[in-house]
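Report on the structure
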Amino acid sequence: MKHFISLNDLTSTEIENLLKLALRFKKELKEGIPHKMLQGKTLGMIFSKSSTRTRVSFEVGMYQLGGYALFLSSNDIQLGRGESIYDTAQTLSRYLDGIMIRTYKHSDVEDLARYGSIPVINGLTDLLHPCQALADLLTIYEHKKYLKGLKLAYVGDGNNVAHSLLHGCAKVGIDIAVATPKEYMCNEEIVENAKAAAKSSGSRVLITNDPEEAVSNADAVYTDTWVSMGQEAEREERIKVFMPYQVNGALFSKAKPDAIFLHCLPAYRGYEVTEDVIDGPRSVVFDEAENRLHAQKAVMATVMG
Ligand code: CP
Ligand code: NVA
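Note that the structure is a prediction, hence the values are computed from the model and not measured.

It is worth spelling out the environment of Q231 at this point. On the secondary structure map, Q231 appears in the loop between β8 (220-223) and α9 (235-242). Through-space distance from the C-alpha of Q231 to that of E16 is 34 Å; in sequence the pair is 215 residues apart. Beyond its immediate chain neighbours, meaning those up to four positions away, Q231 contacts D157, W226 and R238. Separated by 2.8 Å, the side chain of Q231 and the backbone nitrogen of S228 make a polar contact.

Spelled out as structure tokens, the structure:
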């Protein structure tokens with residue numbers, strides 16, 4: 001594994017190995033056992049969008065692995081003033097051992113990997129959020145003790161998080177049902193790739209516009225903001241269209257009685273999810289946030305080790 005850009009590029013075994021390593025790091029951290037696998041290595045973290053979890057978990061994770069992380073806001077580096085991805089990739093490859101990037105265009109991340117000579121980790125693009133989906137698989141595994149044969153329902157916007165969950169669930173054998181409004185359905189190529197992966201893993205992919213159909217009998221229910229970073233101007237229109245897709249107590253009750261609730265955060269209570277669900281006993285959203293740290297340490301140790 002050279003880069004970590006899309007879960008679709010990984011085999012199911014590679015994903016399972018990352019999850020195993022993340023579980024090991026998590027256990028060792030709690031027991032005070034050091035694992036400085038990236039001693040002396042440096043990660044550059046380019047951010048063209050805001051972040052709480054990604055920024056903090058990568059920086060802390062790199063420290064715990066014995067390395068060093070530099071925060072590079074795109075407002076402050078020349079990339080934000082029009083320096084090319086090619087020149088940025090070439091230059092940063094002379095200083096760093098790896099780059100994590102959060103940006104808009106997915107092709108910019110692919111270009112950074114193509115033009116540079118060091119591993120590139122995708123910290124979110126308009127298209128994908130693979131670090132999030134990896135942490136989500138870890139969280140589901142911890143709560144359910146297995147993955148193959150479970151059903152995850154994603155309700156809301158067919159966005160970057162939905163796309164990476166499609167890839168991840170299909171690869172590891174989780175049935176995934178995605179319910180979105182007609183105007184905001186998932187990228188067709190991603191759905192096709194997920195269906196192909198599901199065929200190999202023996203799972204199913206259901207794409208629907210009916211939230212109840214998706215949630216019915218689910219082991220895990222997932223939603224995300226209706227207004228992703230970069231879509232702020234569409235806020236009012238989106239809220240109108242997405243209201244019937246709110247994950248509230250009534251919708252959550254259609255899932256299995258022991259179903260867990262997931263959200264990548266940041267969450268907007270009263271919009272995509274109601275308080276009773278996200279602050280209720282079956283919500284695991286802060287386990288997910290914590291697991292970003294452990295999952296990304298596994299990614300960094302694998303691609304930069
Ligand atoms: N879930 C997630 O990526 O959060 P941040 O935007 O805070 O990094
Ligand atoms: N879909 C959201 C995820 C934030 C972590 C966004 O792209 O803004």
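With that settled, the discussion passes to the sheet that holds strand β9 (residues 260-263). Taking strand neighbours across the sheet as the criterion, the 5 strands line up as β7-β6-β5-β8-β9 in an open arrangement whose pairing is parallel. The open sheet has two free edges, formed respectively by β7 (205-208) and β9, since each of these has just one partner strand. Neighbour-to-neighbour, the strand axes of the sheet open up by a mean angle of 20°, direction not taken into account. In terms of strand pairing, β8 meets β9 through 4 bridges, oriented parallel. Counterpart to A220 in the pairing with β9 is I260. Of the strands in this sheet, β5 (151-155), β8 and β9 touch helix α5 (residues 130-144), which is tilted by about 165° from β9.

Turning to the pairing of strand β2 (residues 68-73), a few remarks are in order. Pairing geometry for strand β1 (residues 42-47) and β2, over 6 bridges, is parallel. Residue I46 lies in a different strand from β2, and its bridge partner there is L72. Read from β1 through helix α2 (residues 53-64) to β2, the crossover connection turns out right-handed.

What follows covers α5. Taking 1.5 Å of rise per residue, the 15 residues of α5 would be expected to cover 21 Å, and the 21 Å separating its terminal C-alpha atoms lies within 8% of that figure. For α5, a buried count of 12 out of 15 residues is recorded, marking the element as mostly surrounded by other parts of the structure. The set of residues buried in α5 consists of P130, C131, Q132, A133, L134, A135, D136, L137, L138, T139, I140 and K144. Downstream of α5 by one or two residues, K145 has phi in the positive range, about 75°.

Another aspect to go through is the nonpolar core. Among the nonpolar cores identified, the biggest contains 61 residues, and F4, I121, L152, L166 and M300 are the most heavily contacted of them. Leave out the neighbours within four places in its chain, and I121 touches F4, F58, I99, M100, I101, C131, V299, M300 and V303. Ranked by size, the runner-up nonpolar core spans 21 residues in total, among them F252, L265, V277 and I278.

Turning next to the site of ligand 1. Close contacts around ligand 1 come from S51, T52, R53, T54, R102, H129, Q132, C264, L265 and R292, and that covers them all. Side-chain polar atom of Q132 to a nitrogen atom of ligand 1: 3.0 Å apart, as the coordinates give it. L265 is positioned with one of its backbone polar atoms (N or O) 2.9 Å from a nitrogen atom of ligand 1. Considering ligand 1 on its own, with 260 Å² of exposed area, one finds that the protein chains cover 95% of that surface. Across the shell around ligand 1, the residue classes tally to 2 nonpolar, 5 polar and 3 charged.

Glancing now at the site of ligand 2. Near ligand 2, the surroundings consist of L124, N159, N160, D224, T225, S228, M229 and L265. At 2.8 Å from an oxygen atom of ligand 2 is found a side-chain nitrogen or oxygen belonging to N160. One of the backbone N or O atoms of M229 is found 2.8 Å from an oxygen atom in ligand 2. When ligand 2 sits alone it has 270 Å² of accessible area, and the protein chains cover 94% of it. In terms of residue class, the shell around ligand 2 is made up of 3 nonpolar, 4 polar and 1 charged.

Thresholds applied
Residues numbered from 1 in each chain as written. Chains lettered and ligands numbered in written order. Predicted model: local features only at pLDDT ≥ 70, side-chain atom pairs only at ≥ 80, totals over all residues. Heavy atoms only, no water. Helix = DSSP H or I, 4+ residues; strand = E, 2+ residues; numbered from the N terminus. Contact = heavy atoms within 4.5 Å. Polar contact = N/O pair within 3.5 Å; in protein donor to acceptor, adjacent residues only side chain to side chain. Pairing = 2+ DSSP bridges. Axes fitted to C-alpha atoms, helices over the stretch in contact; angles between N-to-C directions. Right-handed = clockwise from strand over helix to strand, strands pointing away. Expected span 1.5 Å × (residues − 1). Buried < 20%, exposed > 50% of the residue type's maximum accessible area, 1.4 Å probe, protein only. Core = buried A, V, L, I, M, F, W, Y, C linked by side-chain atoms within 4.5 Å. Near = heavy atom within 4 Å. Areas by Shrake-Rupley, 256 points an atom, 1.4 Å probe, with all protein chains shown as cover. Nonpolar A, V, L, I, M, F, W, Y, C, P; charged D, E, K, R; others polar.

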